Amino acid sequence: MVLALTVCGLVVAIVVVGLFVFGLRRRLIQRSGGTFDCSLRWDAPEKPEKGEENGKGWGYGIARYNGDRIEWFRVFSYSPRPRRMLERSAIEVAGRRTPEGEEELALLSDAVILACLHRGARLELAMSEDALTGFLAWLEAAPPGQRVNVA
């Protein structure tokens, strides 16, 4: 009985510490400001086939502006480093759309999907309308002489 209570207490303590570390990591990422919730799908299909499940491949994360880069962190990770870094000069916006089908379940309720190309790789970013406005303004605010491709 004592062993069972000890094991249960240890499991609860590990879960609490794990949740605390998740919260602390998010706080440290957001500390410098300029962050927004952003789901990302890398190597997104151009046109999903009829009947194909297009809700797959999305990762929920936090994006942070850092100079001429966007750093994207997974929410459910302990890593202090960004999973992806997108350079402003390499981002081409191909269009925007609303979530369809299973994407409505995979993304936040007010999400808008922005189709982009980054160094030849097709990706999609899903964010709120307010975050999208800020993102597009950040793209267009490139220093003089830099090419910006916003559709």
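Values in this document were obtained by computation on a predicted structure and should not be read as measured data. (Residues numbered from 1 in each chain as written. Predicted model: local features only at pLDDT ≥ 70, side-chain atom pairs only at ≥ 80, totals over all residues. Heavy atoms only, no water.)

Trainee: Is there a simple way to explain the sheet that holds strand S1 (residues 35-42) in this structure?
Mentor: Strand pairing in a sheet relies on backbone hydrogen bonds. The paired strands run either parallel or antiparallel. The seven strands lie next to each other as S4-S3-S2-S1-S7-S6-S5, forming an open sheet whose pairing is antiparallel. The outermost strands of the open sheet, each flanked by one partner alone, are strand S4 (84-87) and strand S5 (91-97). Direction aside, neighbouring strands of the sheet carry axes that sit 35° apart on average. Summarising the sheet, S5 and strand S6 (residues 112-118) pair through six bridges and their orientation is antiparallel. In the strand pairing of S6, Arg-97 is matched with Ile-113. Against the sheet, helix H1 (residues 2-30) touches S1, strand S2 (59-66) and strand S3 (69-74), its axis set at about 30° to S2. (Pairing = 2+ DSSP bridges. Helix = DSSP H or I, 4+ residues; strand = E, 2+ residues; numbered from the N terminus. Axes fitted to C-alpha atoms, helices over the stretch in contact; angles between N-to-C directions. Contact = heavy atoms within 4.5 Å.)

Trainee: What am I meant to see in the pattern of salt bridges here?
Mentor: It is possible for side chains bearing opposite charge to pair when their charged atoms get close. Tallied over the entire structure, the rule returns nine salt bridges. Between Arg-41 and Glu-124 there is a salt bridge, with the nearest N and O atoms lying 2.6 Å from each other. You can see Arg-41 sitting in strand S1 and its partner Glu-124 sitting in strand S7 (residues 121-127), a full 83 residues away along the chain. Glu-124 matches Arg-41 in its accessibility class, with the two residues each being buried. Across the pair Glu-71 and Arg-69 runs a salt bridge, and its minimum N-O distance is 3.5 Å. Accessibility expressed as a relative area gives 5% for Glu-71, which makes it buried. Shared partners join several salt bridges into a network, and the residues in it are Arg-41, Arg-97, Glu-103 and Glu-124. (Salt bridge = Lys/Arg side-chain N within 4 Å of Asp/Glu carboxyl O. Buried < 20%, exposed > 50% of the residue type's maximum accessible area, 1.4 Å probe, protein only.)

Trainee: Hey, could you run me through a nonpolar patch on the surface in this one?
Mentor: A contiguous nonpolar surface patch, about 580 Å² in accessible area, is contributed by Val-17, Phe-20, Val-21, Leu-24, Leu-28 and Tyr-78. Following the sequence through the fold, Val-21 ends up in helix H1. (Patch = residues over 30% accessible without salt bridge, like charges linked within 9 Å, V, L, I, M, F, W, Y side chains within 5 Å. Areas by Shrake-Rupley, 256 points an atom, 1.4 Å probe, with all protein chains shown as cover.)

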